[in-house]
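Each chain, written out:
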Amino acid sequence: STTPKVLVHFVNQDGVKSSVTVSEGETLLDVVINKNLDISGFGACEGTLACSTCHLVFEEDVFDRLEPMVDEEVDMLDLAYGVTKTSRLGCQVTVEGWMDGMTVYVPQDVKDQREISKGSK
Ligand code: FES
């Protein structure tokens, strides 16, 4: 049996587009790591909902179809820079077949919540 492949386009901070073919079931954080995408500082906490550096902006029609956020994601996203109404954390979004051809955008600035809380101690 073959896992259906899904085409995903990433636009990084410099506006450079990378198009990758990924498997269903990977998170967008897995994709960035596995495909070695050049997105500086992305996924600093390795998907443990502690950093918000995996912030991605989605197209509205895609965003509307994503699984709902858990409270921890809402809280962490609140702390991210430049949050839009179609923002999500990439480590919490799992690739599904219907996403084929979508484009996700890396916001201009990210901040690592762990660095900030360290600084405030
Ligand atoms: Fe840190 Fe997603 S990788 S919150």
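Residues numbered from 1 in each chain as written. Predicted model: local features only at pLDDT ≥ 70, side-chain atom pairs only at ≥ 80, totals over all residues. Heavy atoms only, no water.

- Identification of the protein as 2Fe-2S ferredoxin-type domain-containing protein from Coilia grayii is taken from an unreviewed UniProt entry.
- Annotation of the protein in UniProt includes, under Subcellular location (unreviewed entry), the sentence "Mitochondrion matrix".
- Quoted verbatim from the Sequence similarities (unreviewed entry) field of the UniProt record, the comment on the protein reads "Belongs to the adrenodoxin/putidaredoxin family." (UniProt positions renumbered as here; feature names shortened; annotations may be inferred.)

Observations concerning the overall build of the protein
Consideration 1: A tally of regular secondary structure across the protein gives 4 helices and 5 strands.
Consideration 2: Of the regular secondary structure in the protein, the N- to C-terminal order runs β-β-α-β-α-α-β-β-α.
Consideration 3: Relative to a compact globule of 121 residues, whose C-alpha radius of gyration would be 14 Å, the protein shows 14 Å and is just as compact.
Consideration 4: For the protein, the share of sequence-separated contacts (at least 6 apart) that also reach a separation of at least 24 residues comes to 64%.
Consideration 5: Between the averaged position of the 10 positive side-chain charges in the protein and that of its 21 negative side-chain charges there is a distance of 3 Å. (Helix = DSSP H or I, 4+ residues; strand = E, 2+ residues; numbered from the N terminus. Rg over C-alpha atoms; globule rule 2.2 N^0.38 Å. Contact = heavy atoms within 4.5 Å. Lys, Arg positive; Asp, Glu negative; His and termini not counted. Charge placed at Lys NZ, Arg CZ, Asp CG, Glu CD.)

Here we look at the confidence of the model for the protein
Consideration 1: Of the residues in the protein, 91% have a pLDDT of 70 or more, and the chain-wide mean is 91.
Consideration 2: Among the scores for the predicted complex, ipTM is 0.99 and pTM is 0.87. (pLDDT = per-residue confidence, 0-100.)

Some details on a negative patch on the surface
Consideration 1: Together, Asp 71, Glu 72, Asp 75 and Asp 78 give the surface a local cluster of negative charge.
Consideration 2: Summarising the element assignment, Asp 75 is placed in helix H3 (residues 71–78). (Patch = residues over 30% accessible without salt bridge, like charges linked within 9 Å, V, L, I, M, F, W, Y side chains within 5 Å. Areas by Shrake-Rupley, 256 points an atom, 1.4 Å probe, with all protein chains shown as cover. Salt bridge = Lys/Arg side-chain N within 4 Å of Asp/Glu carboxyl O.)

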